[in-house]
Amino acid sequence: MAGVDLGGGGKSHGKGAKKHKNKKRISVRIDMTPMVDVIMLLLTFFMLTTVFSTPQTMEINVPPENDTKVEVAETKLLTLRVVPDGDIYYNIGVNTPAKMTFGELQGFLVQTLAAEPGIICLLKVHRDGKYEMMVNIMDEINIAGITRFSLAPFNDADERVVQKAKGA
Amino acid sequence: MHRKKGRVSVHIDMTPMVDVIMLLLTFFMMTTQFRPPEAADLDIPTSNSEFKLPEGDVMTVMVDKDGKIYLKTDDRTRMLLTRAAADDAEKAGFRQLEEGLEMRDQNNLADILIRARVQNPKLRTVVKGDKNTPYGKFQDVMDTLQKVKITRFALVTEMERG
């Protein structure tokens, strides 16, 4: 293993040997193994704990509070209503909503965007829904490339619409 | 006499390896920044967003899974905020924690957001929520932000893996 050799073992040479006649030269050998072990451990620790990445962010712009109404064509409005158990009720315009799971969302969004390029997405999440669901859906919307989307509160009217869709 | 093969003592000099390891170790030790303790223990959602969180001038509004709201600002703004509140501890509307300020309720948040932005107009607002935060609580925060004219903010997420 790694070792440090200081001075020769047997053969003495040079002035030193002449001066100190009686002193015996001892070969100093330091075993570096434990040190290397510890250093390796530390290295692994720091390599594993170092985080080079900073968190990602998603930009949101909300309109200033003055309620500006924007007229949109009915066929271009896709409403996604998210209920607390994670299911998504979607409808275009004023159609009766249909249910889908989060897994189906991506394919659906891509298809819808292909069929109607200027689609506007309105996302309504129930107050008891999870924050994560909103982030996930927003992420899917971004990935699908839908540039116009907005968040709206999930109100009683939405609740009724969803209940009706559940019954149907 | 034994016709045995002469055993060669294999001596590998590890010194260069140790040198390199030492260098690496020093590098990692110097560059490592341990994640500072957060006021709220948050399990943040993942996304595929490509925007990085800016380094400085960030005001973080944290909403934990019970709906409690914490505010983290840069040290200077924080100092100014707490100093202003020191005269009137009752009205301050927040509780000082080691890592940030804990808001007493939504109305206080609006007030403090305005004050923080007065202290440092460059502050960018980011919202950090737990995966399990009820959406309603987040919506309230968003409404508050809108009310105080912070119409541009960002949600903090983690890089999606896999």
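Report follows, based on the coordinates. For clarity, every value in this text was computed on a predicted model and none was experimentally measured.

## Quick word on the overall build of chain A
Part 1: For chain A, the helix and strand inventory stands at five helices and eight strands.
Part 2: The helix and strand sequence of chain A, counted from the amino end, reads β-α-β-α-β-β-β-β-α-β-α-β-α.
Part 3: Split into buried and exposed, the 168 residues of chain A put 35% on the buried side.
Part 4: Long-range contacts, defined here as pairs at least 24 residues apart, represent 62% of the contacts in chain A between residues at least 6 apart.

## Remarks on the environment of Met100 of chain A
Residues and elements named next belong to chain A.
Part 1: Examined against the element boundaries, Met100 turns out to sit in strand β6 (residues 98-100).
Part 2: For Met100, a relative accessible area of 4% puts it in the buried group.
Part 3: A sequence separation of twelve residues divides Met100 from Ile88, and the C-alpha atoms of the two residues are 5.3 Å apart.
Part 4: Those residues in contact with Met100 that sit more than four places away from it in its chain are Leu80, Asp87, Ile88, Tyr90, Leu105 and Phe108.

## Things to note about the packing of aromatic side chains
Geometrically, a pair of aromatic rings is defined through the distance of the ring centres and the angle of the planes.
Part 1: With the rule as written, the count across this model stands at five aromatic pairs over all chains.
Part 2: Here the aromatic rings of Phe27 of chain B and Phe28 of chain B are separated by 5.2 Å at their centres, their planes lie at 70°, and the arrangement is edge-to-face.
Part 3: A relative accessible area of 42% places Phe27 of chain B in the partly exposed class.
Part 4: A connected cluster of aromatic rings, assembled from ring pairs, spans Tyr131 of chain A together with Tyr135 and Phe138 of chain B.

## Notes on the environment of Val118 of chain B
All names here are of chain B.
Part 1: The topology assignment puts Val118 in helix α3 (residues 106-119).
Part 2: For Val118, a relative accessible area of 61% puts it in the exposed group.
Part 3: Expressed as a C-alpha distance, the spacing of Val118 and Thr77, which sit 41 residues apart in the sequence, is 9.3 Å.

## Concerning the pattern of salt bridges
When the charged atoms of two side chains with opposite charge come close together, those side chains can pair.
Part 1: Across all of its chains, the model carries eight salt bridges over all chains by this definition.
Part 2: Close ionic contact of Glu59 of chain A with Arg152 of chain B constitutes a salt bridge, the shortest N to O distance being 3.6 Å. Of this pair, Glu59 of chain A sits in strand β3 (residues 56-61) while Arg152 of chain B sits in strand β8 (residues 152-159), placing the two residues on different chains.
Part 3: Judged by relative accessible area, Glu59 of chain A falls into the partly exposed class, the value being 40%.
Part 4: Between Asp158 of chain A and Arg81 of chain A there is a salt bridge, with the nearest N and O atoms lying 2.7 Å from each other. Of the two residues, Asp158 of chain A is situated in helix α5 (residues 156-167) and Arg81 of chain A in strand β4 (residues 77-82); the sequence distance between them amounts to 77 residues. Comparing Asp158 of chain A with Arg81 of chain A, the two get one shared label, buried.
Part 5: Residues participating in the shared-partner salt-bridge network are Arg81, Lys124 and Asp158 of chain A.

## Here's the deal with the pairing of β3 of chain A
Part 1: Looking at chain direction, β3 of chain A and strand β2 (residues 51-52) of chain B are connected through two bridges and run antiparallel. Bridge pairing links Gln56 of chain A to Lys52 of chain B in β2 of chain B.
Part 2: Of the pairings in the sheet, the one linking β3 of chain A to β8 of chain B comprises six bridges and is antiparallel in character. If you follow Ile60 of chain A over to β8 of chain B, its bridge partner there is Phe153 of chain B.

Conventions we followed
Residue numbers here run from 1 along each chain, matching the order of that chain's written sequence. Starting at A for chains and at 1 for ligands, labels are handed out in the order in which the entities are written. Per-residue local features are limited, in this predicted model, to residues with pLDDT of at least 70; the limit for side-chain atom pairs, both in listing and counting, is 80 or more; totals at the level of whole chains, interfaces and linings are taken over all residues. As a rule here, side-chain values cover all heavy atoms of the structure and leave hydrogens and water aside. The helix and strand labels rest on DSSP assignments: H or I over at least four residues marks a helix, E over at least two residues marks a strand, and numbering proceeds from the N terminus. Per-residue accessibility, obtained with a 1.4 Å probe over protein chains only, is compared with the maximum for each type, and a residue is labelled buried under 20%, exposed over 50%, and partly exposed between these values. In what follows, residue pairs with any heavy atoms lying within 4.5 Å of each other are defined as contacts. Two aromatic rings, drawn from Phe, Tyr or Trp (for Trp, its six-membered ring), form a pair once their centres lie within 6.5 Å of each other, and the interplanar angle then sorts them: stacked below 30 degrees, edge-to-face above 60, tilted otherwise. Salt bridge criterion: a side-chain nitrogen from Lys or Arg within 4 Å of a carboxyl oxygen from Asp or Glu. Strand pairing is assigned whenever DSSP identifies at least 2 bridges connecting the two strands.

Read these as geometric descriptors, not functional statements.
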